[in-house]
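Structural overview
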Amino acid sequence: MHNVIVNTDISKGKINKNIYGHFAEHLGRCIYEGIWVGEDSPIPNTKGIRNDVLAALKNIKVPVLRWPGGCFADEYHWKDGVGPREGRKRMVNTHWGGVVENNHFGTHEFLLLCELLECEPYICGNVGSGTVQEMSEWVEYMTFDGESPMANWRKENGREQPWKLKYFGVGNENWGCGGNMRPEYYADLYRRFQTYVRNYGDNKIYKIAGGANVDDYNWTEVLMKNAGWLMDGLSLHYYTIPGDFWLGKGSALDFEEGEWFITMKKALHMDELITKHSTIMDKYDPEKRVGMIIDEWGTWFDVEPGTNPGFLYQQNSIRDALVAGVHFNIFHNHADRVQMTNIAQTVNVLQAMILTEGEKMILTPTYHVFDMFKVHQEAEVLAVESAVGSYEMGGEALPQVTVSASKDAEGKVHVSLVNIDHAGEAEISLDLRGFAAESVQASGTILTADRMNAHNTFEQPDAVAPKSFDGANVEGGRLSVKLPPMSVVTLVIH
Ligand code: AHR
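Residues numbered from 1 in each chain as written. Predicted model: local features only at pLDDT ≥ 70, side-chain atom pairs only at ≥ 80, totals over all residues. Heavy atoms only, no water.

To continue, consider the site of the ligand. In the neighbourhood of the ligand, 13 residues make up the surrounding shell, with Glu25, Cys71, Glu173, Tyr239 and Glu296 lying closest. Glu296 is positioned with one of its side-chain polar atoms (N or O) 2.7 Å from an oxygen atom of the ligand. A total of 280 Å² of accessible area belongs to the ligand in isolation, and the protein chains cover 94% of it. Of the pockets mapped on this structure, the ligand occupies the largest pocket. Of the residues in the shell around the ligand, the class split is 7 nonpolar, 3 polar and 3 charged. (Near = heavy atom within 4 Å. Polar contact = N/O pair within 3.5 Å; in protein donor to acceptor, adjacent residues only side chain to side chain. Areas by Shrake-Rupley, 256 points an atom, 1.4 Å probe, with all protein chains shown as cover. 1 Å grid on protein atoms, 1.4 Å probe; cavity = no way out; pocket = protein on both sides within 12 Å on 5 of 7 lines; lining within 4 Å. Sits in = over half its atoms within 2 Å of the grid points. Nonpolar A, V, L, I, M, F, W, Y, C, P; charged D, E, K, R; others polar.)

Structural data, given as structure tokens:
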């Protein structure tokens, strides 16, 4: 039996909706085919953006979208991606498969996508191979309302009014593909580049500095010490990789129990990373003004057999769904510092929400978790105390159940529970403190499967799909919940 107390009248602050953010890079079939098909495509589209993907993403209320990379950002030159499409420069995408990038999806197309999704754009600028002038002019091009070389060029290219742009990243992974820099050197470059990322009119930019890789705590220390007061956010990247990044990450579908366990263990590691990086940030920013921006996270497996190794295409199973649920529970419980996260990546790449094959599209188990958990966006995160039993394998133990809870503007309480055990049920006694015992009513939604690698295919698109949950019973003001093995549940309590 697992015991959980949800203090429904103790709020720990708001869950920033940007925790449910996404990331779409010029990588493999994410942008091209996955999002952009072009205006002349037989695939139904709105000004070149495919309608099925748009509708699916709107449904999960994507709050913010990061673009154009990733590693691609530090070799992207934005001027090549504006103006008439036929005349745009073609380049080699050296990071991702060495394919030709025709620059048909550029600044205008990305900002149109964000308008259609009604989400905030988050643009990542080029520090690694770009110049201060290039970055500064990009911001002028997008946001300056008036007479200036860049604003005039924007108007010539068909956009009279400036866009609103809030989130801007000053480089990506500058310790690696973004320039192989030392933190001291990048901190100085960050100070210099960000100076020229201007606020025009009432457009106020939230500046995000390139942050640490996994547990590089020294990077966070040096950045906060030398540039903390000049940033609004500092990023962190961490992927859940069951194997070894270079020697073999593990298959998305062909795995045994041991690999399932390791995947859960590595997903849970996010909690330690946030705690330790936050502790360093607290030293320089005790008011928690600077947001932790986890702008790349998710599973990273070996590519599907027979696909281009540079395209990072992987299937997505109930295991991915649990990884997503575990992450969201962690993010909610760190909502005081975590202001945004962006799963990698939206379509056809890594832990995707959506997979496409030509005109066909399917939703992944991960998509369904985003759908089930969207009720937490902008809700008050509630104080939760839990004493949960363990999930054990090979002498190691993990907490079998993870949990988070929030209260929305209408006073509805949502509790999200994840049972990471591949074989064991979890019985939970949920004490809803602050709720009148006699009036408690609960209903819910569950995502589960009977095989560890259950997944959706173009032939069976709904093999893993949410169902209504009838495993919650009210007894004397306590809620008893029975979770099947490998399940994600969201309860609504009125
Ligand atoms: O998401 C794939 C890649 O992973 C990104 O381009 C890069 O930033 C990270 O290493």
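The strand order around the closed barrel formed by 8 strands is β2-β5-β8-β9-β10-β11-β12-β13, and the pairing between neighbours is parallel. Looking at each pair of strands side by side, their axes are set apart by 30° on average, direction ignored. Relative to strand β9 (residues 167–170), strand β8 (residues 120–125) runs parallel, the two being bridged by 4 bridges. Bridge pairing in β9 places Gly125 opposite Val170. Along the sheet, helix α3 (residues 132–143) makes contact with β5 (64–67), β8 and β9, crossing β8 at roughly 160°. (Pairing = 2+ DSSP bridges. Helix = DSSP H or I, 4+ residues; strand = E, 2+ residues; numbered from the N terminus. Axes fitted to C-alpha atoms, helices over the stretch in contact; angles between N-to-C directions. Contact = heavy atoms within 4.5 Å.)

As a further point, take the packing of helix α8 (residues 318–333) against helix α9 (residues 365–373). Where α8 contacts α9, the two axes come as close as 7 Å, and the packing angle between them is 35°. Between α8 and α9 lies a crossing of right-handed hand. Counted together, Ile318, Asp320, Ala321, Ala324, Gly325, Phe328, Asn329 and His332 of α8 and Pro365, Thr366, Val369, Phe370 and Phe373 of α9 form the full contact between these two elements. Here the contact of α8 with α9 is built from residues that sort into 8 nonpolar, 4 polar and 1 charged. (Left-handed = near helix turned anticlockwise from the far one by under 90°.)

A few words on the pairing of strand β13 (residues 338–344). When you tally the buried positions in β13, you get 7 out of 7 residues, the bulk of the element. Taken together, the 3 bridges between strand β2 (residues 21–23) and β13 define a ladder with parallel strand orientation. Bridge pairing links Gly21 to Asn342 in β13. As paired strands, strand β12 (residues 291–299) and β13 are joined by 4 bridges and run parallel to one another. If you follow Trp297 over to β13, its bridge partner there is Ile343. Chirality of the crossover, the property in question, places the unit of β12, α8 and β13 among those that are right-handed. (Buried < 20%, exposed > 50% of the residue type's maximum accessible area, 1.4 Å probe, protein only. Right-handed = clockwise from strand over helix to strand, strands pointing away.)

This part is about the packing of aromatic side chains. For the structure shown, the criterion picks out 27 aromatic pairs. Seen in terms of ring centroids, Tyr239 and Trp300 are 4.7 Å apart; in terms of plane orientation they differ by 75°. Their pairing is edge-to-face. Taken as a pair, Tyr239 in strand β11 (residues 233–240) and Trp300 in the loop between β12 and α8 lie far apart in primary sequence, 61 residues in all. Aromatic rings pair up to connect Trp36, Trp67, Phe72, Tyr76, Trp78, Phe105, Phe110, Trp138, Tyr141, Trp153 and Phe168 into one cluster. Looking at Arg29, its charged tip hangs above the ring of Tyr313, at a distance of 4.9 Å from the centre. The ring centre of Phe245 lies 4.6 Å from the NZ or CZ of Lys249, which sits over that ring. (Phe/Tyr/Trp six-rings, centres within 6.5 Å; stacked < 30°, edge-to-face > 60°. Lys NZ or Arg CZ within 6 Å of the ring centre and 35° of its normal.)

Before going further, it helps to examine the sheet that holds strand β22 (residues 442–448). The mixed open sheet is built from 10 strands, whose spatial order is β23-β22-β26-β20-β19-β16-β1-β21-β25-β24. Strands at the two margins of the open sheet, each flanked by one partner only, are β23 (467–469) and β24 (472–475). Here the strands of the sheet are splayed against their neighbours by 25° on average, with no regard to which way each runs. The sheet contacts of α8 involve β1 (2–14), β16 (380–387), β19 (401–407), β20 (413–419), β22 and β26 (487–493), and relative to β19 the element is tilted by about 55°.

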